[in-house]
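Residue-level listing of the chains:
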Amino acid sequence: EIGVRLVGSEMCIRDSDGVPRPDMNALDPNEIESVSVLKDASAAIYGVRAANGVILITTKKGTAGKTQLNYNGFFGYQKAIGLPDVLDAVGYMTLMNERELNNNRPILFTKEQIDEYRNGTKQSTDWAHMGQREFAPQQQHNISVNGGTEKVTYFVNFSYLDQDGFFESNSLNYQRYNIRSNISAQLTKRIKAEAFIGAWMDDKQNMSQNSSQLYKGVWSTEPIIPAYANDNPEYLNKVADGLHPLAITDRDISGYNDRERKNFSGTFNLEYKIPYIDGLVAKGSYSYDYQVQDNKIFNKAFNLWEYNKDTDTYKSSAYMSPSKIKREYIKKEHTLLQLSLAYKKKFLAVSYTHLRAHETD
């Protein structure tokens, strides 16, 4: 998600086109004209809420002239960096033996056991990259229309963003749609009307467990433990605390945590140039913001398995049991009416220097 915030500031105002708004992280960058940050004295007019600063965002407006149609788009790949780097089986077994020797205890693994992994007879389990892909595709497309006359100008923008996650199960995905329509109209010589309307909708699909649980399992599971019991893909092997990467990252196995948001914001301005006093302008502004959020959370119980070679049987262990389902619906509304009287006038300052000529006899 794309957004701007003041680093280290929890109490700051985010202002869009003259209206304080709590959430602007989902704004499309293609519809932003400028971003300004006010601190200290310059933010004082916003009161105590601006103790840590103000972020001012201005969206694009139309310009008089021929209609301009613009398209921007890209398709690319994301690559994860800073992922945990863990040892393979040979490195793990060697260090475990060194630990035992340093504590005057017998080693845990013989040379023959280590050589089985070194020569490829047995395969080390790469928990750090299991169920993950190196690159995740993403794409964004944007279409905007800009133009107007001396009386009416308009700017219309539509964009679509799609980001896939790094899990092979496709359990992580994000999509967002943005639309904006900014219209300005000079109704009469003295009256100007503006309507700034924006809306966005996003949908985030996620696994039921967060990523910290995934990497906790990666760090705590030995690379000598196979991913599958008896190397049978139908049975995920039992690991500590049930933190098996293939179970955690698959919504069909362990559930999901999905979020859908819909947001509408509208600002309507009316300016009136007061006659007989050049530069005096009265302005009324009304804004309405509406957002709904729908969360669907399903923590699904699943089984991991142990294989008994002597009896050729599988024993299951249940995790996240019992299953839990949760539904959240959040609605937010915000309205604001502002009335102002402003005086704008340029004064020309002229200074005269009077020179005297003195005559001497």
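Residues numbered from 1 in each chain as written. Predicted model: local features only at pLDDT ≥ 70, side-chain atom pairs only at ≥ 80, totals over all residues. Heavy atoms only, no water.

### Section: the overall build of the chain
Then comes step 1: The secondary structure content of the chain amounts to 5 helices and 14 strands.
Then comes step 2: Restricting the contact set of the chain to residue pairs at least 6 apart, pairs at least 24 apart contribute 70%.
Then comes step 3: Carbon and sulfur atoms form 53% of the exposed surface of the chain, whose accessible area is close to 22700 Å². (Helix = DSSP H or I, 4+ residues; strand = E, 2+ residues; numbered from the N terminus. Contact = heavy atoms within 4.5 Å. Areas by Shrake-Rupley, 256 points an atom, 1.4 Å probe, with all protein chains shown as cover.)

### Focus on the packing of aromatic side chains
Then comes step 1: Overall, the coordinates contain 11 aromatic pairs when judged by the stated rule.
Then comes step 2: When the ring of Phe75 is compared with that of Tyr77, the centres are 5.6 Å apart and the planes differ by 85 degrees; the resulting orientation is edge-to-face.
Then comes step 3: With a relative accessible area of 54%, Tyr77 lands in the exposed category.
Then comes step 4: Taken together through their ring pairs, the aromatic side chains of Tyr235, Trp305, Tyr307 and Tyr314 make up a single cluster.
Then comes step 5: Looking at Lys79, its charged tip hangs above the ring of Phe135, at a distance of 5.2 Å from the centre. (Phe/Tyr/Trp six-rings, centres within 6.5 Å; stacked < 30°, edge-to-face > 60°. Buried < 20%, exposed > 50% of the residue type's maximum accessible area, 1.4 Å probe, protein only. Lys NZ or Arg CZ within 6 Å of the ring centre and 35° of its normal.)

### Some points on unusual backbone geometry
Then comes step 1: Omega for the bond connecting Ser321 with Pro322 falls within 30 degrees of zero, at 0 degrees, which places this linkage in the cis form.
Then comes step 2: Tracing the chain through its elements places Pro322 in the loop between strand E13 (313-319) and strand E14 (324-343).
Then comes step 3: Despite not being glycine, Asp312 shows a phi value in the positive range, around 55 degrees.
Then comes step 4: The class of Asp312 is exposed, set by a relative accessible area of 52%.
Then comes step 5: The backbone of Met320 sits at a positive phi, close to 55 degrees, despite the residue not being glycine.
Then comes step 6: Inspection of the secondary structure puts Met320 in the loop between E13 and E14.
Then comes step 7: Using a relative accessible area of 25% as the deciding quantity, one classes Met320 as partly exposed.

### Let's talk about the confidence of the model for the chain
Then comes step 1: On average, residues of the chain score 88 in pLDDT, and 89% of them reach the 70 mark or higher.
Then comes step 2: Ranking the helices and strands of the chain by mean pLDDT puts strand E7 (residues 152-164) first, with 96, and strand E1 (residues 13-16) last, with 66.
Then comes step 3: Throughout residues 1-11 the model reports pLDDT below 50, and contacts reaching past four residues in sequence, or to other chains, amount to 35 contacts.
Then comes step 4: Note that residues 357-361 has pLDDT below 50 and, in this model, 0 contacts with residues that lie over four places away or in other chains. (pLDDT = per-residue confidence, 0-100.)

### Side note on the pattern of salt bridges
Then comes step 1: This model, assessed by the stated rule, comprises 14 salt bridges.
Then comes step 2: Between Arg105 and Glu100 there is a salt bridge, with the nearest N and O atoms lying 2.8 Å from each other.
Then comes step 3: On the basis of relative accessible area, Glu100 is assigned to the buried category, the value being 5%.
Then comes step 4: Note that Asp258 is salt-bridged to Arg251, the shortest N-O span being 2.6 Å.
Then comes step 5: Note on Arg251: relative accessible area 18%, which makes it buried.
Then comes step 6: The structure contains a network of salt bridges with shared partners spanning Arg99, Glu100 and Arg105. (Salt bridge = Lys/Arg side-chain N within 4 Å of Asp/Glu carboxyl O.)

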